[in-house]
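Close look at the chain arrangement
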Amino acid sequence: CSVDGSMVVWDLTDYHILCSGKCRDGGIPTCISYAFDCIISGWTDGKVRCFDGETGEMLWDISDVHKGGVTALQVSYNQRFMITGGENGDG
């Protein structure tokens with residue numbers, strides 16, 4: 001995750017980029033998880049966003065997840081649920 005709003009997922013076997021995503025006007029991404037073929041990320045503007053793993057296109061977002069920004073995000077093992085945490089401890 002980067003201050004310019006970009007995120008990159010790397011293949012650690014040969015260090016090439018598997019996929020990347022970028023959001024303009026969305027604050028800063030603070031956490032990231034890879035699920036199915038998507039990048040799911042938490043942002044300082046309190047949103048969770050999902051990007052296509054191949055094209056980097058934003059697929060969906062959820063507004064007002066945490067008022068102080070999303071600081072933690074984890075996708076469940078079966079990839080059916082996600083858990084988030086926020087800067088202010090709100091839910």
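This text follows the structure it describes.
Residues numbered from 1 in each chain as written. Predicted model: local features only at pLDDT ≥ 70, side-chain atom pairs only at ≥ 80, totals over all residues. Heavy atoms only, no water.

**Comments concerning the sheet that holds strand 3 (residues 29–35)**
Note the cut-off: Strand pairing is assigned whenever DSSP detects at least two bridges linking the two strands. Runs of E in the DSSP output that reach at least two residues are strands. Runs of H or I that reach at least four are helices, and both are numbered from the N terminus. Fitted lines through C-alpha atoms serve as axes, helices being fitted only where they are in contact, and the angles separating the N-to-C directions of these axes extend from 0 to 180 degrees.
Pairing in this open sheet of 4 strands is antiparallel, and the strands run 3-4-5-6 from one edge to the other. Since the sheet does not close on itself, it has two edges, and those belong to strand 3 and strand 6 (58–62), each with one partner. Each neighbouring strand pair of the sheet contributes to a mean axis angle of 20 degrees, computed without reference to strand direction. Here strand 3 pairs with strand 4 (residues 38–43) via 6 bridges, running antiparallel. Paired with I32 across the two strands is S41, which belongs to strand 4.

**Considerations on the nonpolar core**
The test is simple: Buried residues of nine kinds, namely Ala, Val, Leu, Ile, Met, Phe, Trp, Tyr and Cys, make up a nonpolar core once their side-chain atoms join them within 4.5 Å. Burial classification: accessible surface area is computed with a 1.4 Å probe over protein chains only, and a residue below 20% of its type maximum counts as buried, one above 50% as exposed, and the rest as partly exposed. Pairs of residues are marked as contacts when any of their non-hydrogen atoms sit within 4.5 Å.
Residues C31, A35, C38, I40, V48, C50, V65, V70, L73 and V75 constitute the largest nonpolar core, which totals 10 residues. It is strand 7 (residues 70–75) that provides the largest number of residues to this core, a total of 3 residues. The contacts of L73, once residues within four sequence positions are left out, are C31, S33, I40, S41, G42, V48, M82, I83 and T84. Counting residues in each nonpolar core, the second largest holds 7 residues, with M7, V9, C19 and F51 among its members.

**What about the packing of aromatic side chains?**
Quick reminder of the rule: When two rings of Phe, Tyr or Trp (its six-membered ring) have centres within 6.5 Å they constitute a pair, described as stacked for plane angles under 30 degrees, edge-to-face for angles over 60, and tilted for the intermediate range. When the NZ atom of lysine or the CZ atom of arginine is within 6 Å of a ring's centre and also within 35 degrees of its normal, the charge is said to sit over that ring.
Going through the model one piece at a time under the given rule, you end up with 1 aromatic pair. Seen in terms of ring centroids, W43 and F51 are 6.4 Å apart; in terms of plane orientation they differ by 40 degrees. Their pairing is tilted. F51 sits in the buried class, given a relative accessible area of 0%. When the ring centre of W43 is taken as reference, the NZ or CZ atom of R49 above it lies at 4.7 Å.

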